[in-house]
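What the coordinates show
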Amino acid sequence: MYGKKLRELRKLEGWTQEEVAKKLGVSKQTYSHYENEQRRPSLDMIKELASVYNVNIDDIFAEEKISDLVKVPIVGRISCGNGSLAYEEIEGYEPTPKEWVSGGEHFYLRAKGDSMSGARINDGDLLLIRKQPDVENGEIAAVLINNSEEAVLKRVYKNGEQIVLQSENPAYPPIFSPPENIRILGKLKMNIIKY
């Protein structure tokens, strides 16, 4: 959508692509890529574009930002130590880029504790989980143990007749359990760190 808006703004001014490129200090080809949406401008370039056309950034990119985001629920909290996950407890909804959640149902959990600190997962981090009943060996998953409300985030290893749930902090020993006592809620896709 932003390419179409850039084209409209340029024609409104009666400029050629070459003239706009010169104002921006980029090649005509680079600017052409912006209009054809073959290349996405950097944040600094977006500010420059808004300045050259004398419009707000939102005038060029607002529609796209809205349509490219979906709201994903933040479900309770997940224990990275000894907390619990309450499905009913929805803290809110996080606007999330569509491409992050394509192909499946997703939800967010908030990390609690420090048992996964070695994987750069810290207390309070927002974790994007793809809902799925199984994961590959060594992947990080949100799991329930013994059908309890106790949810943990661990690396999952399948070792014949038992499952090993491994922390990423040497202070926490691995958890050994028969497969029937473990329920995988989903796979960790992304840790959203906000500064």
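Residues numbered from 1 in each chain as written. Predicted model: local features only at pLDDT ≥ 70, side-chain atom pairs only at ≥ 80, totals over all residues. Heavy atoms only, no water.

Describing the packing of aromatic side chains
Going by this rule: By convention, a stacked pair of Phe, Tyr or Trp rings (six-membered ring in the case of Trp) has centres within 6.5 Å and planes under 30 degrees apart, an edge-to-face pair has planes over 60 apart, and any other such pair is tilted. Secondary structure follows DSSP: runs of H or I at least 4 residues long count as helices, runs of E at least 2 residues long count as strands, and numbering of each begins at the N terminus. Exposure classes here rest on a 1.4 Å probe applied to the protein chains alone. A residue is buried below 20% of its type maximum, exposed above 50%, and partly exposed in between. Placement of a positive charge over a ring is assigned whenever Lys NZ or Arg CZ falls within 6 Å of the ring centre and within 35 degrees of the normal to the ring plane.
In the structure shown here, the tally under the stated rule is 2 aromatic pairs. When the ring of Y31 is compared with that of Y34, the centres are 6.4 Å apart and the planes differ by 85 degrees; the resulting orientation is edge-to-face. Residue Y31 and its partner Y34 are located together in helix 3 (residues 28-35), separated by 3 residues, close to a single helical turn. Assigned by exposure class, Y31 and Y34 land together as buried. Just above the ring of W15 sits the side chain of K23; from NZ or CZ to the centre is 4.4 Å. Stacked on the ring of Y172, the Lys or Arg K154 has its end atom at 5.8 Å from the ring centre.

A short note on the pattern of salt bridges
Selection criterion: The rule for a salt bridge is simple: a side-chain nitrogen of Lys or Arg has to be within 4 Å of a carboxyl oxygen of Asp or Glu.
Tallied over the full model, the rule gives 6 salt bridges. Residue D134 pairs with K158 through a salt bridge whose shortest N-O separation is 2.8 Å. Here D134 is found in the loop between strand 5 (126-131) and strand 6 (140-145), whereas its partner K158 is found in strand 7 (residues 151-159), with 24 residues between them in sequence. Of the charged contacts in the structure, one is a salt bridge between R155 and E168, with a shortest N-O distance of 2.4 Å. One end of the pair, R155, is in strand 7; the other, E168, is in the loop between strand 8 (162-166) and strand 9 (175-177), with 13 residues separating them in the sequence. The exposure class of R155 is partly exposed, given its relative accessible area of 22%.

Considerations on helix 3
Short version of the rule: The contact criterion used is simple: two residues touch if any of their non-hydrogen atoms lie within 4.5 Å.
For helix 3, a buried count of 6 out of 8 residues is recorded, marking the element as mostly surrounded by other parts of the structure. Taken together, the buried positions of helix 3 are T30, Y31, S32, H33, Y34 and E35. Each element contacted by the buried residues of helix 3 is listed here: helix 1 (2-13), helix 2 (17-24) and helix 4 (43-52).

Some thoughts on the packing of helix 1 against helix 3
Defined as follows: All axes are obtained by fitting lines to C-alpha atoms, using only the stretch in contact for helices, and the reported angles, taken between N-to-C directions, cover 0 to 180 degrees. Angular relationships are summarised with four words: roughly parallel below 35 degrees, roughly antiparallel beyond 145, roughly perpendicular across 65 to 115, and oblique for the angles in between. Think of it as three bins: nonpolar holds Ala, Val, Leu, Ile, Met, Phe, Trp, Tyr, Cys and Pro, charged holds Asp, Glu, Lys and Arg, and polar takes everything else, Gly as well.
Interhelical geometry of helix 1 versus helix 3 gives an angle of 120 degrees and a closest axis separation of 7 Å. When the interaxial angle is binned, helix 1 and helix 3 end up oblique. Along the contact surface, helix 1 presents Y2, G3, K4, L6, R7 and R10, while helix 3 presents Y31, Y34 and E35. Within the contact of helix 1 with helix 3, the residues separate by chemical class into 4 nonpolar, 1 polar and 4 charged.

Some thoughts on the side chain of S167
Put simply, the test is: Two N or O atoms count as a polar contact when they lie within 3.5 Å, although within protein this holds only if one can serve as hydrogen donor and the other as acceptor, and sequence-adjacent residues are included solely when both atoms are side-chain atoms.
Residue placement: S167 occurs in the loop between strand 8 and strand 9. Residue S167 is classed as buried on the basis of its relative accessible area of 5%. One polar contact links S167 to K154, side chain to side chain, over a distance of 3.0 Å. For S167, the residues in contact, after removing those within four places along its chain, are S115, M116, K154 and Y172.

Focus on helix 1
Since one α-helical turn is 3.6 residues long, residues separated by three or four positions face the same way. Where we set the bar: Given a helix with a known number of residues, its expected span is that number minus one, times 1.5 Å.
For helix 1, with 12 residues, the first-to-last C-alpha span of 17 Å sits near the 16 Å given by 1.5 Å per residue. Phi for G14, located one or two positions after helix 1, is positive at around 75 degrees.

Quick notes on the confidence of the model for the protein chain
Basically, it comes down to this: The predictor attaches a confidence to each residue, and that confidence, scored 0 to 100, is pLDDT.
Predicted confidence across the protein chain gives a mean pLDDT of 83, with 86% of residues reaching 70 or more. Under a pLDDT of 50 for its full length, residues 78-86 has, in the predicted model, 44 contacts with residues more than four places off or in other chains.

A short note on unusual backbone geometry
Positive phi outside glycine occurs at N54, with the angle close to 55 degrees. Residue N54 is classed as exposed on the basis of its relative accessible area of 69%. Backbone geometry at R120 places phi at a positive 60 degrees, although glycine is not the residue there. Considering the arrangement of structural elements, one finds R120 in the loop between strand 4 (106-112) and strand 5.

Details of the pairing of strand 4
Let me state the cut-off plainly: A strand pair is defined by DSSP finding two or more bridges across the two strands.
Counting buried residues in strand 4 gives 5 out of 7 residues, a clear majority hidden from the surface. Here strand 4 pairs with strand 5 via 5 bridges, running antiparallel. Residue pairing for strand 5: R110 is matched across the bridge by L126.

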